[in-house]
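Each chain, written out:
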Amino acid sequence: MSDEETPMRDLAALLWPWAVWAVLLLALTLVFSQISPAMARITTDTLIKLVIVTGLYIFVGNSGILSFGHGAFLIVAAYASAWVTIPLAMKGVILPGLPEVLRGLQLSPLGGLLTGMAVAGGLGLLAGIPLMRLSGIAASIATFAFFIVISVIYNNWTDWTKGTASLVGLPTWVGPWAALAAALVALMIAWIFQNSRAGLLLRASREDLVAAHGAGIRVMRLRLLAFVLSATVAGAGGVMLGHNNGALTTANNVYLNLSFIVIAMLVVGGIRSLSGVVVGTLALSVLAEIFRRFETGVEIGGMMLQIPGGSREVLLGLCMLLALIMRPDGLSRGRELPVPGFLRGGRAKAAKTETEALQ
Amino acid sequence: MTHILTATGVTVRFGGLTVIDDVDLELRPSEILGLIGPNGAGKTTFVNVLSGFQKPQTGTIRIGSDDITATPPDERVRRGLLRTFQAVRLFPALTVAENLLAAAFAMGQGRKEARAEIAVLAGLLDLEGWLATEARALPYGVERRVGIARAMMARPAFVMLDEPAAGMNHHEAMAFLSVVDAIRARGCGILLIEHNMDIVFRLCDRVQVLRSGKVLASGTPDEIRNHAMVREAYLGSAAA
């Protein structure tokens with residue numbers, strides 16, 4: 001709003017927080033992926049989770065409606081990619097029940113990724129039309145019901161999914177660098193959406209729904225847009241999970257547990273900022289890894305310390321509980337990384353200083 | 001073409017209680033119409049009906065010849081009918097500038113156009129020093145001014161100000177007079193709900209008095225000031 005501001009400086013200021021996180025993630029990936037194959041796997045897993053949490057954040061962070069249903073988008077995207085990327089010879093044996101058109105289709109990894117994202121986005125559109133009419137806890141419960149419906153369908157759709165058995169044969173093209181690229185793109189999409197006109201209007205409706213209607217904001221339309229975008233990005237995470245493991249299964253509440261961890265990451269980091277997404281994902285990934293190692297047994301000073309299997313989820317749950325009690329706004333307190341003074345417009349800086357002085 | 005905001009035969013009942021009873025109202029462009037009455041008279045409920053937040057049991061609301069009785073609130077805004085809230089209701093985690101930008105974006109205005117409008121309204125409402133402040137950190141008087149600015153960002157044809165001077169000190173209330181005049185100068189029709197009779201009688205072209213959901217009287221400020229029943233029911237010595 002000042003003559004001193006330039007478009008380039010505006011753009012640099014806009015992209016600053018994303019760029020900082022990008023450099024940090026790049027550095028972490030560079031370091032940890034070199035330590036050992038096991039650490040490279042953990043790094044990949046963390047970055048994939050970051051894609052999923054970012055996808056979830058696009059809807060939850062901007063609309064204020066907590067979704068328990070995003071696991072459904074992971075499932076449909078992962079299986080859609082599997083159907084079009086498993087090698088033809090293997091597909092004919094593993095999934096003889098697939099329709100001819102799919103059995104004869106072999107796409108590249110990118111083709112599989114885009115297919116999975118498109119299917120997740122399409123499902124987001126279909127489900128979002130009725131779901132986005134709801135608000136508050138009713139909307140959250142409805143998203144969970146939606147997840148259960150999709151989960152049960154895929155569990156019993158044995159011709160296409162092999163039900164609770166493992167679907168193997170997915171090309172394993174996802175490693176730390178592919179996951180990092182996906183995470184950076186996901187964060188960029190989320191950041192651009194958050195700062196777009198639609199993002200601002202949706203955040204306004206998150207703050208006060210009645211006032212948003214009173215200001216002429218078309219809330220349902222914006223929620224639907226965010227839900228579809230969110231499903232598409234989360235779907236990318238689902239695809240990458242499958243192509244990281246090389247196998248898929250809907251058995252043993254895999255996606256329910258994953259959904260819980262992803263929501264915990266968002267809540268612990270801070271549901272109202274993209275910085276919270278990064279902080280929460282990294283913090284809980286580190287904790288989850290520590291807890292996992294204690295589950296298998298850790299030797300400290302000649303003593304073997306071991307916690308019972310399943311403790312990891314319990315301890316992560318406690319972390320979320322602690323975060324909700326002690327820092328309801330999350331570790332980031334809902335703030336984004338500050339833009340340094342040299343990138344801020346002169347007048348905006350003056351206004352901020354004046355405001356701070358008044359307060 | 002000059003459009004008039006018209007409410008005809010509006011009745012609102014909550015269960016067995018009639019809170020608005022067959023009320024008519026007409027608001028013209030550049031006119032300031034005061035809506036006054038004791039607490040519980042139904043003023044805010046009537047504004048809720050006009051803005052689409054409350055469905056009336058009977059009656060019609062029109063802008064010009066268009067019947068908007070069944071039109072949702074956000075659509076009424078796009079037709080030029082704005083309101084402020086008694087409790088202000090800003091978007092607390094957004095800055096003042098973002099609150100105003102959101103109102104402009106909702107109307108389809110471009111970023112550059114919106115920024116120019118923000119600069120004008122910030123000057124008019126003395127908000128320049130607050131644009132980067134989150135709305136939840138604002139003092140009460142500033143909060144109210146931002147509420148008015150947010151409504152004005154939509155460039156409304158009609159705006160309903162629900163107790164805009166509530167909680168303002170004398171100095172702020174007097175400064176507020178020039179703000180309302182400036183809004184009128186933009187060709188905007190204003191429905192002013194206010195308990196400060198000094199402001200109402202200074203600003204309004206006409207005044208309509210509600211009591212127990214019914215129109216008790218309607219006329220110029222002088223007529224209302226001297227209306228025996230209004231003095232007895234509401235004004236008391238304030239009009240003296």
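Everything below is about the structure shown above.
Analysis parameters
- Residues numbered from 1 in each chain as written.
- Chains lettered and ligands numbered in written order.
- Predicted model: local features only at pLDDT ≥ 70, side-chain atom pairs only at ≥ 80, totals over all residues.
- Heavy atoms only, no water.
- Helix = DSSP H or I, 4+ residues; strand = E, 2+ residues; numbered from the N terminus.
- Rg over C-alpha atoms; globule rule 2.2 N^0.38 Å.
- Buried < 20%, exposed > 50% of the residue type's maximum accessible area, 1.4 Å probe, protein only.
- Contact = heavy atoms within 4.5 Å.
- Areas by Shrake-Rupley, 256 points an atom, 1.4 Å probe, with all protein chains shown as cover.
- Lys, Arg positive; Asp, Glu negative; His and termini not counted.
- Charge placed at Lys NZ, Arg CZ, Asp CG, Glu CD.
- Buried area = accessible area lost by both parts, 1.4 Å probe.
- Salt bridge = Lys/Arg side-chain N within 4 Å of Asp/Glu carboxyl O.
- Polar contact = N/O pair within 3.5 Å; in protein donor to acceptor, adjacent residues only side chain to side chain.
- Expected span 1.5 Å × (residues − 1).
- Pairing = 2+ DSSP bridges.
- Axes fitted to C-alpha atoms, helices over the stretch in contact; angles between N-to-C directions.
- 1 Å grid on protein atoms, 1.4 Å probe; cavity = no way out; pocket = protein on both sides within 12 Å on 5 of 7 lines; lining within 4 Å.
- Points joined across faces, edges and corners; volume = space filled by probe spheres on them.
- Nonpolar A, V, L, I, M, F, W, Y, C, P; charged D, E, K, R; others polar.

A few points about the overall build of chain B
Turning to step 1, where the next piece is worked out: Each helix and strand counted, chain B has 9 helices and 10 strands in total.
Turning to step 2, where the next piece is worked out: For chain B, the C-alpha radius of gyration of 18 Å lies close to 18 Å, the compact-globule estimate for 240 residues.
Turning to step 3, where the next piece is worked out: Overall, chain B is about 50 × 40 × 35 Å in size when its C-alpha atoms are taken along their principal axes.
Turning to step 4, where the next piece is worked out: Looking at the 240 residues of chain B, the share that counts as buried comes to 56%.
Turning to step 5, where the next piece is worked out: Counting contacts in chain B only where the partners sit at least 6 residues apart, residues at least 24 apart contribute 65% of the total.
Turning to step 6, where the next piece is worked out: Entry remark: accessible area of chain B is about 9,500 Å², with carbon and sulfur atoms responsible for 49%.

Here's the deal with the overall build of chain A
Turning to step 1, where the next piece is worked out: From N to C terminus, chain A includes 16 helices and 4 strands.
Turning to step 2, where the next piece is worked out: Scaling as 2.2 N^0.38, a compact globule of 359 residues should have a C-alpha radius of gyration of about 21 Å, and chain A matches this with 22 Å.
Turning to step 3, where the next piece is worked out: For chain A, the spread of C-alpha atoms along the three principal axes comes to 70 × 60 × 40 Å.
Turning to step 4, where the next piece is worked out: Buried positions account for 50% of the 359 residues belonging to chain A.
Turning to step 5, where the next piece is worked out: For chain A, the proportion of contacts with a sequence separation of at least 24, taken over those separated by at least 6, is 78%.
Turning to step 6, where the next piece is worked out: Accessible surface, chain A as shown: approximately 15,700 Å² in total, 69% of it carbon and sulfur.
Turning to step 7, where the next piece is worked out: A gap of 4 Å separates the mean positions of the 24 positive and 17 negative side-chain charges of chain A.

Some words on the interface of chain B and chain A
Turning to step 1, where the next piece is worked out: Opposite the 36 residues of chain B that make contact, chain A presents 30 residues.
Turning to step 2, where the next piece is worked out: Summed over both sides, the interface between chain B and chain A buries roughly 2,700 Å², with carbon and sulfur atoms accounting for 61% of that surface.
Turning to step 3, where the next piece is worked out: By the criterion of area lost to chain A, the three top residues of chain B are Phe91, Phe105 and Arg115 of chain B, representing 19% of everything that side buries.
Turning to step 4, where the next piece is worked out: Joining chain B to chain A, the criterion identifies 3 salt bridges.
Turning to step 5, where the next piece is worked out: Arg218 of chain A serves as the salt-bridge partner of Glu75 of chain B, at 4.0 Å between the closest nitrogen and oxygen.
Turning to step 6, where the next piece is worked out: In this structure, the connection of chain B to chain A is made through 6 residue pairs in polar contact (both at pLDDT 80 or more).

Re helix α7 (residues 136-156) of chain A
All names here are of chain A.
Turning to step 1, where the next piece is worked out: For α7, which comprises 21 residues, the first-to-last C-alpha distance of 31 Å matches the rise-based estimate of 30 Å (1.5 Å per residue) to within 8%.
Turning to step 2, where the next piece is worked out: Buried residues of α7: Ala139, Ser140, Ala142, Thr143, Phe146, Phe147, Ile150, Ser151 and Tyr154, and no others.
Turning to step 3, where the next piece is worked out: Contacts made by the buried residues of α7 are with α3 (70-85), α6 (109-131), α8 (158-161) and α13 (254-269).

Structural notes on the sheet that holds strand β2 (residues 17-27) of chain B
All names here are of chain B.
Turning to step 1, where the next piece is worked out: One open sheet accounts for 4 strands, arranged β2-β1-β4-β5; its pairing is antiparallel. Looking at strand neighbours, the two that pair on one side only are β2 and β5 (66-67), the edges of this open sheet.
Turning to step 2, where the next piece is worked out: In the sheet, strand β1 (residues 5-14) pairs with strand β4 (residues 58-63) via 5 bridges, with the strands oriented antiparallel. Paired with Leu5 across the bridge in β4 is Ile63.
Turning to step 3, where the next piece is worked out: The sheet strands contacting helix α1 (residues 43-51) are β1, β2 and β4, and the helix crosses β1 at an angle near 120°.

A look at the layout of surface pockets
Summary: where empty space remains is shown by rolling a probe the size of a single water molecule over the atoms.
All names here are of chain A.
Turning to step 1, where the next piece is worked out: For the second largest pocket, the calculated volume is near 640 Å³.
Turning to step 2, where the next piece is worked out: Lining the second largest pocket are 24 residues, and of these Asp45, Lys49, Leu241, Leu258 and Arg312 lie nearest its centre.
Turning to step 3, where the next piece is worked out: Residue assignment for the lining of the second largest pocket shows that the elements contributing at least two residues are α2 (37-63), α12 (219-245), β2 (247-248), α13, α14 (274-296) and α15 (311-326).
Turning to step 4, where the next piece is worked out: A total of 6 residues in the lining of the second largest pocket trace back to one element, the largest contributor, which is α13.
Turning to step 5, where the next piece is worked out: Residues of the lining of the second largest pocket, tallied by class, amount to 11 nonpolar, 6 polar and 7 charged.

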